[in-house]
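Observations on the model geometry
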Amino acid sequence: MHKYQISKMRNIVAGNWKSNKSINEAREWMSVMGEAMDSMPNDVRVIIAPPAPYLSELAGSDRNGILIAAQQVSAFSDGAYTGEFTANMLVSCGVDFALVGHSERRADFNESDEIVAKKVRRCIDAGLGVMLCCGENLASRDEGSQETVIKEQLISALEGVSSEEMTGVVVAYEPIWAIGTGRTASADQAAEMHRFIRHYLADRFDADTASKTSILYGGSCKPSNADELFTCSDVDGGLIGGASLDTADFQLIIKSDSSY
Ligand code: PGA
């Protein structure tokens, strides 16, 4: 059983540093956050996704319950794939999760739905937790096709995944127009999309699987809007980019996610 299953909880705040921080800055962040974890709510699971070169060291450090995620993972198995790192390697380094399908990977590194689905399968088979990102772009939002886009992404990414395997999968809804733009989805927009995703999971799997799956919001989530977003019943927490770089902001966001 994947260790994530043992202590599955729906409230999650995950940070994604993207390509930011030196190793010394990463160590400093972990040391500050590690200490702060003693005063963080115990009903919120905290995850951080540092750049790949730091994963092994941070996973082996004194992290006081903070889970470690890779920002991406190879679609291939171990073998002759220069430059790739595989789900098995991440597990062997003590990494808990991998982000899969982040819009920046889809847009800047040509990751198609097909590649995303392969990565999901690699992670599940390796026992690595999956943080599956989905989100519509501004054009889709403007034409009102956001639900269709999300559904298509989820159908493809979760093809062949069983409800039992969903215990290792977290979904992150990240409208592309809100990522790094300072423009956040309104609480109503987030609530509507999260409800849609929960219903989709109930149809695709079953009600129990849907209710146990964490659905995180991502896109310019910060201390000033986290409370409002996390009070929406189907918003279980956040995937935080810019605001995760700062430990004080990140702590405030974690506190906002408690007991909703
Ligand atoms: P942001 O990034 O919080 O900086 O908008 C979110 C993400 O891309 O995960």
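Report on the accompanying structure. (Residues numbered from 1 in each chain as written. Predicted model: local features only at pLDDT ≥ 70, side-chain atom pairs only at ≥ 80, totals over all residues. Heavy atoms only, no water.)

Before going further, it helps to examine unusual backbone geometry. Phi is mostly negative for residues that are not glycine, and the peptide bonds are mostly trans. Its identity is not glycine, yet lysine 21 carries a phi of approximately 85°, on the positive side. With respect to the helices, strands and loops of the structure, lysine 21 is situated in the loop between β1 (12–16) and α2 (23–36). Residue classification places lysine 21 among the partly exposed positions, given a relative accessible area of 22%. The phi torsion at asparagine 110 lies on the positive side, around 55°, for a residue other than glycine. Within the secondary structure, asparagine 110 sits in the loop between α5 (103–108) and α6 (113–126). (Helix = DSSP H or I, 4+ residues; strand = E, 2+ residues; numbered from the N terminus. Buried < 20%, exposed > 50% of the residue type's maximum accessible area, 1.4 Å probe, protein only.)

Its location among the elements puts glutamine 146 in helix α8 (residues 146–157). Here glutamine 146 is in contact with Glu136, Ser140, Arg141 and Met193, once residues within four sequence places are set aside. (Contact = heavy atoms within 4.5 Å.)

This paragraph deals with the layout of surface pockets. If you add up the space inside the largest pocket, you get close to 330 Å³. For the lining of the largest pocket, the per-class residue count stands at 6 nonpolar, 5 polar and 4 charged. What the second largest pocket holds in volume is close to 180 Å³. Taken together, 16 residues line the second largest pocket, and the ones lying closest to its centre are Gly180, Ser220, Ile240, Gly241 and Gly242. Here the lining of the second largest pocket is composed, by residue class, of 5 nonpolar, 8 polar and 3 charged. (1 Å grid on protein atoms, 1.4 Å probe; cavity = no way out; pocket = protein on both sides within 12 Å on 5 of 7 lines; lining within 4 Å. Points joined across faces, edges and corners; volume = space filled by probe spheres on them. Nonpolar A, V, L, I, M, F, W, Y, C, P; charged D, E, K, R; others polar.)

To continue, consider α6. Here α6 is 14 residues long and its end C-alpha atoms lie 20 Å apart, about the 20 Å a rise of 1.5 Å per residue gives. Buried within α6 we find Val116, Lys119, Val120, Cys123, Ile124 and Ala126. For α6, the secondary structure elements touched by its buried residues are α4 (87–92), β4 (97–100), α5, β5 (129–134), α8 and β6 (169–173). Downstream of α6 by a residue or two, glycine 127 has a phi angle that is positive, lying close to 80°. (Expected span 1.5 Å × (residues − 1).)

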